[in-house]
Amino acid sequence: MKPGPKPTPTTVLRLRGSRWAEGRSDEPLAPRGRPEPPPELELAGDPLAEVCWDRLCDHLETMGVLAITDTDAIAQYAICWARWARAVVDIRRRGETELVRDRQGNVTSKVRASVKIEADLGARLLRLGSEFGLTPSARAGLRLPEGTDEAFDPIEAALRGG
């Protein structure tokens, strides 16, 4: 692996109107389509993760960037989101801190584990989400042609050189 930032996908370069997209034809293309949830997601039996799976697939489909090969990444995002949501609910219900007694019998305040879990998973969700273009900064450089309607597929247009 080369040092430095990850290379920008050719389709994104084309959407940005970058001259660097010209002559790059060796990049593999992912087969487009809605993936089936992997067995791991179904075995987990987590209804929140399943709701997130459907919602994320809907968003990515609308954006025109959903690919069958994204199965594992979407599953990771969905499971992570479900755990994050549970941590948020726990913090809301029980608060960020709890009172505990130390060995000497003194009562002190301690941050609940769900606070760290929420922070860690929140950061992970931002990283995973930016891979899918789910943050404003991840989408900032993309430009769509004028006269775009809901049926416009930016990836398809980029592949056609438009």
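Think of each chain on its own: its residues are numbered from 1, step by step along the sequence as written. Reporting in this predicted model follows two pLDDT cut-offs: at least 70 for local features of residues, and 80 or more for side-chain atom pairs to be given and counted; totals over whole chains, interfaces and linings ignore these cut-offs and use all residues. Where side-chain values are given, they derive from all heavy atoms of the structure, hydrogens and water being excluded.

S.K.: Teacher, can you tell me more about the overall build of the protein here?
M.R.: Under the scheme used here, helices are H or I runs from DSSP no shorter than 4 residues and strands are E runs no shorter than 2 residues, and both carry numbers assigned from the N terminus. Of regular secondary structure, the protein possesses 7 helices and 2 strands. Between buried and exposed lies partly exposed: a residue is buried under 20% and exposed over 50% of the maximum accessible area for its type, with that area taken using a 1.4 Å probe on protein chains only. The proportion of buried residues among the 162 residues of the protein is 29%. When checking whether two residues touch, look at their non-hydrogen atoms; a contact exists if any pair is within 4.5 Å. For the protein, contacts bridging at least 24 residues in sequence account for 60% of all contacts bridging at least 6. Accessible surface area values rest on a Shrake-Rupley calculation with a 1.4 Å probe, where residue burial reflects the displayed protein chains alone. Only carbon and sulfur atoms are counted for the fraction: they give 54% of the accessible area of the protein, which is about 11,400 Å².

S.K.: Would you take a moment to explain helix α5 (residues 113-131) for this structure?
M.R.: It helps to recall that an α-helix has 3.6 residues per turn; residues three or four apart then point in one direction. Here, expected helix span is obtained from the residue count minus one, scaled by 1.5 Å. The terminal C-alpha atoms of α5, which comprises 19 residues, lie 28 Å apart, in line with the 27 Å expected from a rise of 1.5 Å per residue. The set of residues buried in α5 consists of S114, V115, L121, G122, L125, L128 and G129. Take α5 and look down its axis: the buried residues cluster within an arc of 155 degrees, on one side only. Exposed residues lying more than 90 degrees from the buried face of α5 are A113, K116, L126, R127 and E131. Following α5 by one or two positions, G133 has its phi on the positive side, about 80 degrees. Arc definition: directions from the helix axis to the C-beta atoms.

S.K.: What am I meant to see in the packing of aromatic side chains here?
M.R.: What characterises a pair of aromatic rings is the spacing of the ring centres plus the angle enclosed by the ring planes. Planes of paired rings set the category: under 30 degrees apart is stacked, over 60 is edge-to-face and the rest tilted, where pairs are Phe, Tyr or Trp rings (Trp by its six-membered ring) whose centres lie within 6.5 Å. Summed over all chains, the structure comprises 0 aromatic pairs. Placement of a charge over a ring requires the Lys NZ or Arg CZ to be within 6 Å of the ring centre, with the centre-to-atom vector within 35 degrees of the ring normal. In this structure, R55 is placed above the aromatic ring of W81, and the distance from its NZ or CZ to the ring centre is 4.8 Å.

S.K.: What exactly am I supposed to notice about the pairing of strand β1 (residues 97-101) here?
M.R.: Looking along a regular strand, one sees side chains alternate from face to face of the sheet. Sheet analysis places β1 next to strand β2 (residues 107-111), joined by 5 bridges and oriented antiparallel. Considered in β2, the bridge of L99 is made with S109. Between β1 and β2, which pair antiparallel one after the other, the connecting turn spans 5 residues, and G105 there sits at a positive phi close to 90 degrees. For two strands to pair, DSSP has to find at least two bridges joining them.

S.K.: Can you help me understand helix α3 (residues 47-63) in this one?
M.R.: Across its 17 residues, α3 extends 24 Å between first and last C-alpha, which sits within 8% of the 24 Å expected from 1.5 Å per residue. A49, C52, W53, L56, C57 and L60 are the residues of α3 that are buried. Mapping the buried residues of α3 onto a view down its axis gives an arc of 130 degrees, with all of them on the same face. In α3, the exposed positions that point more than 90 degrees away from the buried face belong to P47 and T62.

S.K.: Sorry if this is basic, but what is going on with the pattern of salt bridges here?
M.R.: Side-chain pairs of opposite charge can arise where the charged atoms are in close proximity. When a carboxyl oxygen of Asp or Glu is within 4 Å of a side-chain nitrogen of Lys or Arg, the pair counts as a salt bridge. Using the criterion set out here, one finds 6 salt bridges in the structure. When the shortest N-O distance is used, the salt bridge between R94 and D90 registers 3.1 Å. Taken together, the residues R94 and D90, both in helix α4 (residues 71-94) and 4 residues apart, mark about one turn of the helix. Ionic pairing is found between E98 and R112, a salt bridge with its closest N-O pair at 3.4 Å. Of this pair, E98 sits in strand β1 while R112 is found in the loop between β2 and α5, placing the two residues 14 residues apart along the sequence. A residue is classified by how much of its surface remains accessible, and E98, at 25% relative accessible area, is partly exposed.

S.K.: Would you mind showing me how to read the side chain of D70 here?
M.R.: Following the sequence through the fold, D70 ends up in the loop between α3 and α4. Asp and Glu are treated as the negative residues and Lys and Arg as the positive ones, with His and the ends of the chain left uncounted. One buried charged residue, D70, remains without a salt bridge, the closest side chain of opposite sign being R32 at 9.1 Å. Apart from the residues within four sequence positions on either side, D70 is in contact with V65 and F132.

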